[in-house]
Amino acid sequence: MNNSIYLRPLAIEDAKVSYQWRNNPDIWKYSRFVPTYTTTVETETKWLEEALVRKDQVRFAICVENSHTYIGNVQLIKMNDIDAEFHLFIGDTNWWGRGIGRKSTNLLLNYAFLEKKLQKVSLEVHKDNSPAISIYNSQGFEDKDLSFPYNVMELTNMKYITSQTHKYEKNYYAITP
């Protein structure tokens, strides 16, 4: 399998795929955002319609380059001119363990720091989610609060830019309109 990916803006029609992920407990094992009801394509569509018009967030679909298959989401929420909160999930479990999380994180951080000029990106990660913690450490995130069970991690623009992390990806942003 080719592991090249790109990000594109999340779209309403993505609900036809993503609603299935909301019903997979393995995906939400380490998340604060565990669905409390069975998600249907209708409820996912309604949620997307509301989420996609919010001005304080940008949401992207993670897609496989050669097939254009939609496999997950990456987003910045609670975004203002200075900082934002980062979220990531790979909904298609066939793509777990293939480096997609790291690539998606890198692409979105390029967007956050190099295009949007944010000064800080933060996130919360479950202390037992070692694959995610490894991704975030590889990008330069640092622990700020080790509260149980979620750790708060932060990455500043200065640290990201000076670490040269953003040069890892050949396609600088790889975000399609």
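The structure this text deals with has already been given above.
Rules behind the numbers
Residues numbered from 1 in each chain as written. Predicted model: local features only at pLDDT ≥ 70, side-chain atom pairs only at ≥ 80, totals over all residues. Heavy atoms only, no water. Helix = DSSP H or I, 4+ residues; strand = E, 2+ residues; numbered from the N terminus. Rg over C-alpha atoms; globule rule 2.2 N^0.38 Å. Contact = heavy atoms within 4.5 Å. Areas by Shrake-Rupley, 256 points an atom, 1.4 Å probe, with all protein chains shown as cover. Lys, Arg positive; Asp, Glu negative; His and termini not counted. Charge placed at Lys NZ, Arg CZ, Asp CG, Glu CD. 1 Å grid on protein atoms, 1.4 Å probe; cavity = no way out; pocket = protein on both sides within 12 Å on 5 of 7 lines; lining within 4 Å. Points joined across faces, edges and corners; volume = space filled by probe spheres on them. Phe/Tyr/Trp six-rings, centres within 6.5 Å; stacked < 30°, edge-to-face > 60°. Buried < 20%, exposed > 50% of the residue type's maximum accessible area, 1.4 Å probe, protein only. Pairing = 2+ DSSP bridges. Right-handed = clockwise from strand over helix to strand, strands pointing away. Polar contact = N/O pair within 3.5 Å; in protein donor to acceptor, adjacent residues only side chain to side chain.

Caption draft 1: Quick look at the overall build of the protein chain. When you go through the protein chain residue by residue, the secondary structure sums to five helices and seven strands. Secondary structure of the protein chain in N-to-C order comes out as β-α-α-β-β-β-α-β-α-β-β-α. Taken over C-alpha atoms, the radius of gyration comes to 15 Å for the protein chain, in line with the 16 Å a tight globule of 177 residues would show. In the protein chain, once contacts between residues fewer than 6 apart in sequence are set aside, the share between residues at least 24 apart is 63%. Surface accessibility of the protein chain: about 9500 Å² in total, with carbon and sulfur atoms responsible for 51%. Across the protein chain, the mean location of the 21 positive side-chain charges is 4 Å away from that of the 21 negative side-chain charges.

Caption draft 2: Broad picture of the layout of surface pockets. In this structure, the largest pocket spans a volume of roughly 1300 Å³. In terms of lining residues, the largest pocket is bounded by 49 residues, among which Ile 27, Trp 28, Ser 31, Leu 88 and Phe 89 are the most central. Mapped onto the lining of the largest pocket, the elements with two or more residues apiece are helix H2 (41–51), strand S3 (70–77), strand S4 (83–90), helix H3 (100–115), strand S5 (120–126) and helix H4 (130–138). Ranked by residues supplied to the lining of the largest pocket, first place goes to S4 with six residues.

Caption draft 3: Representation of the packing of aromatic side chains. Under the criterion given, the structure shown has eight aromatic pairs. Taking 5.9 Å as the distance between ring centres and 85 degrees as the angle between the ring planes, the aromatic pair formed by Trp 21 and Phe 89 counts as edge-to-face. One end of the pair, Trp 21, is in helix H1 (residues 15–22); the other, Phe 89, is in strand S4, with 68 residues separating them in the sequence. Accessibility classification places Trp 21 together with Phe 89 in one group, the buried group.

Caption draft 4: Spotlight on the pairing of S5. Where burial is concerned, most of S5 is hidden: five out of the seven residues are buried. Pairing of S4 with S5 involves three bridges; the strand directions are parallel. For Ala 84, the partnering residue across the bridge sits in S5 and is Val 121. Of the crossover connections in this fold, the one passing from S4 over H3 to the parallel S5 is right-handed. Where S5 meets strand S7 (residues 150–156), seven bridges bridge the pair, whose relative direction is antiparallel. By the bridge assignment for S7, His 126 is matched with Tyr 150.

Caption draft 5: Here's a closer look at the side chain of Arg 8. Here Arg 8 is to be found in strand S1 (residues 5–9). Only 2.6 Å separates the side chain of Arg 8 from the side chain of Asp 14, close enough to count as a polar contact.

By themselves these figures say nothing about function.
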